[in-house]
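What follows is the residue order along each chain.
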Amino acid sequence: MKLNNQKKMLLITKDKYPPFWGDIAVLFCKKFPENGSSVDLVMENSDFFSQNFVTNFLNSTIYVRKKSTNIFEKIFNIFNNCFFVFRLSFKNKYNVILVRDK
């Protein structure tokens, strides 16, 4: 009997886009997809980008979320990002959801 090792994974991290840490850039964006897993990432944008956008990096999809500047925008973005992650997780039916905080 052969087990299906293909997993749908979502990684939510406070790291900035573009990813440069070895565990994110190599492990989640390259190695897991090479083994048949599907990996999506939710990251905060760096100062260079001012809007939310979706991009492909290596073999993974990255959802880049807008960085907050003032207190009201931060509060709004907290709720907006929570609803975004809930919608994304129900839509894509992930097997694994990882949260990485600094």
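Residues numbered from 1 in each chain as written. Predicted model: local features only at pLDDT ≥ 70, side-chain atom pairs only at ≥ 80, totals over all residues. Heavy atoms only, no water.

Q: Is there a simple way to explain a nonpolar patch on the surface in this structure?
A: A surface patch of nonpolar side chains, amounting to about 970 Å² of accessible area, comprises I71, F72, I75, I78, F79, F83, F86 and F90. Position of F79 among the secondary structure elements: in helix α2 (residues 71-92). Judged by relative accessible area, which is 52%, F79 ranks as exposed. (Patch = residues over 30% accessible without salt bridge, like charges linked within 9 Å, V, L, I, M, F, W, Y side chains within 5 Å. Areas by Shrake-Rupley, 256 points an atom, 1.4 Å probe, with all protein chains shown as cover. Salt bridge = Lys/Arg side-chain N within 4 Å of Asp/Glu carboxyl O. Helix = DSSP H or I, 4+ residues; strand = E, 2+ residues; numbered from the N terminus. Buried < 20%, exposed > 50% of the residue type's maximum accessible area, 1.4 Å probe, protein only.)

Q: Help me out: how do you make sense of the confidence of the model for the chain in this one?
A: Predicted coordinates in areas of low pLDDT are best not read in detail. On average, the chain scores 82 in pLDDT, and the residues at 70 or more come to 92%. Per-element confidence in the chain ranges from a low mean pLDDT of 76 for helix α1 (residues 22-34) to a high of 90 for α2. (pLDDT = per-residue confidence, 0-100.)

Q: Would you take a moment to explain the sheet that holds strand β1 (residues 8-17) for this structure?
A: Pairing is mixed in the open sheet, where 5 strands are placed in the order β3-β4-β2-β1-β5. Two strands bound the open sheet, and with one partner strand each, they are β3 (53-57) and β5 (96-100). For this sheet the average axis-to-axis angle between neighbouring strands, irrespective of direction, equals 25°. Relative to strand β4 (residues 60-65), strand β2 (residues 38-45) runs parallel, the two being bridged by 5 bridges. Each bridged residue has a counterpart across the sheet, and for V42 the counterpart in β4 is Y63. Contacting β1, β2, β3, β4 and β5, α1 crosses the sheet at an angle of about 155° to β1. With respect to the sheet, α2 is in contact with β1, β2, β4 and β5, its orientation differing from that of β4 by roughly 160°. (Pairing = 2+ DSSP bridges. Axes fitted to C-alpha atoms, helices over the stretch in contact; angles between N-to-C directions. Contact = heavy atoms within 4.5 Å.)

Q: Would you mind showing me how to read the packing of aromatic side chains here?
A: Each aromatic ring pair is summarised here by two numbers: the centre-to-centre distance and the angle between the ring planes. Counted according to the given criterion, the structure contains 1 aromatic pair. Summarising the aromatic geometry, the rings of Y63 and F84 are spaced 5.7 Å apart at their centres and angled 65° between planes, so their arrangement reads as edge-to-face. Taken together, the residues Y63 in strand β4 and F84 in helix α2 connect sequence positions 21 residues apart. One exposure class covers both Y63 and F84, and it is buried. Over the ring of F84 we find R65, and its NZ or CZ is 4.0 Å from the ring centre. (Phe/Tyr/Trp six-rings, centres within 6.5 Å; stacked < 30°, edge-to-face > 60°. Lys NZ or Arg CZ within 6 Å of the ring centre and 35° of its normal.)

Q: Explain unusual backbone geometry here, please?
A: Glycine aside, negative phi is the norm for most residues, and most peptide bonds take the trans geometry. Positioned with a positive phi, L58 is a non-glycine residue whose angle comes to about 55°. With respect to the helices and strands, the residue L58 is situated in the loop between β3 and β4. Positive phi, normally seen in glycine, also occurs at K93, with a value near 50°. Relative to the helices and strands, K93 resides in the loop between α2 and β5.

Q: Looking at this structure, I do not really get the pairing of β3. What am I missing?
A: By the bridge criterion, 5 bridges tie β3 to β4 in an arrangement that is antiparallel. Bridge pairing links F57 to S60 in β4. Linking β3 to β4, which pair antiparallel, is a turn of 2 residues; within it L58 sits at a positive phi near 55°.

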